[in-house]
Amino acid sequence: MSNTISTPTAAALAPITRWLVERVAGYLDVPARNIDPTTPLAEIGIDSVSALSLCGDVEERWRIPADATLVFDYPTIAEIAGYLADELAPKAAAS
């Protein structure tokens, strides 16, 4: 019996990534199209206050705990989206 690691699908990642891009764009006061989900948040100008706000937004939006270290553990929007998709998958399967 093999243990397989599930990888979030593009369909699962897309809405999460889009939401994160919109939030980050709002914090930076730039158009969402200017945000590259693969660029580290620190490189695009997210400071510690914005990072904490993003964690709060994630908790509020998806009702899952988002530790203050989220943006350090997952430094890009793409990585945060992958983490969130993994965390949300059991909730989606249960509903």
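Above this note sits the structure.
In this report, we go over the structure that sits alongside the text. (Residues numbered from 1 in each chain as written. Predicted model: local features only at pLDDT ≥ 70, side-chain atom pairs only at ≥ 80, totals over all residues. Heavy atoms only, no water.)

1. Here's the deal with the side chain of T17
The residue T17 is located in helix 1 (residues 10-28) in this model. Every residue in contact with T17, bar those within four places of it in the chain, is listed here: P37, I77 and A81. (Helix = DSSP H or I, 4+ residues; strand = E, 2+ residues; numbered from the N terminus. Contact = heavy atoms within 4.5 Å.)

2. A word on the pattern of salt bridges
A complete count under the given rule lists 1 salt bridge for this structure. Between R23 and D57 there is a salt bridge whose closest N-O contact spans 3.0 Å. Within this pair, whereas R23 is found in helix 1, its partner D57 is found in helix 3 (residues 48-62), the two being separated by 34 residues in sequence. Taking the relative accessible area as the measure of exposure, R23 reaches 34% and is therefore partly exposed. (Salt bridge = Lys/Arg side-chain N within 4 Å of Asp/Glu carboxyl O. Buried < 20%, exposed > 50% of the residue type's maximum accessible area, 1.4 Å probe, protein only.)

3. Describing the nonpolar core
Counting 25 residues, the largest nonpolar core has I16, L20, L41, V58, W62, I80 and L84 as its most contacted members. In terms of residue count, helix 5 (residues 77-94) provides more of this core than any other element does, 7 residues in total. The residues contacting L84, other than those within four sequence positions of it, are I16, L20, V58, W62 and I64. (Core = buried A, V, L, I, M, F, W, Y, C linked by side-chain atoms within 4.5 Å.)

4. Considerations on the packing of aromatic side chains
Under the counting rule described, the total for this entry stands at 2 aromatic pairs. Between the aromatic rings of W19 and W62, the centroid separation amounts to 4.6 Å while the plane-to-plane angle is 75 degrees, which identifies the pairing as edge-to-face. With W19 in helix 1 and W62 in helix 3, this residue pair connects regions lying 43 residues apart in the sequence. We classify W19 as buried; its relative accessible area is 18%. (Phe/Tyr/Trp six-rings, centres within 6.5 Å; stacked < 30°, edge-to-face > 60°.)

5. Things to note about helix 1
The end-to-end C-alpha distance of helix 1 is 26 Å, a good match for the 27 Å that 19 residues give at a rise of 1.5 Å each. All of the buried residues in helix 1 are I16, T17, W19, L20, V21, V24 and A25. (Expected span 1.5 Å × (residues − 1).)

6. Describing unusual backbone geometry
Notably, D29 is not glycine yet its phi reads approximately 55 degrees, a positive angle. Assignment of secondary structure puts D29 in the loop between helix 1 and helix 2 (41-44). In the Ramachandran plot, R63 falls in the positive-phi region, its phi being about 55 degrees despite a non-glycine side chain. Within the secondary structure, R63 sits in the loop between helix 3 and helix 4 (70-73).

7. Notes on the environment of L88
For L88, the location among the structural elements is in helix 5. Judged by relative accessible area, which is 14%, L88 ranks as buried. Each C-alpha atom of the pair L88 and R63 lies 9.6 Å from the other, and the pair is 25 residues apart in sequence. Look past the residues within four positions of L88 in its chain and what remains in contact with it is I16, W62 and I64.

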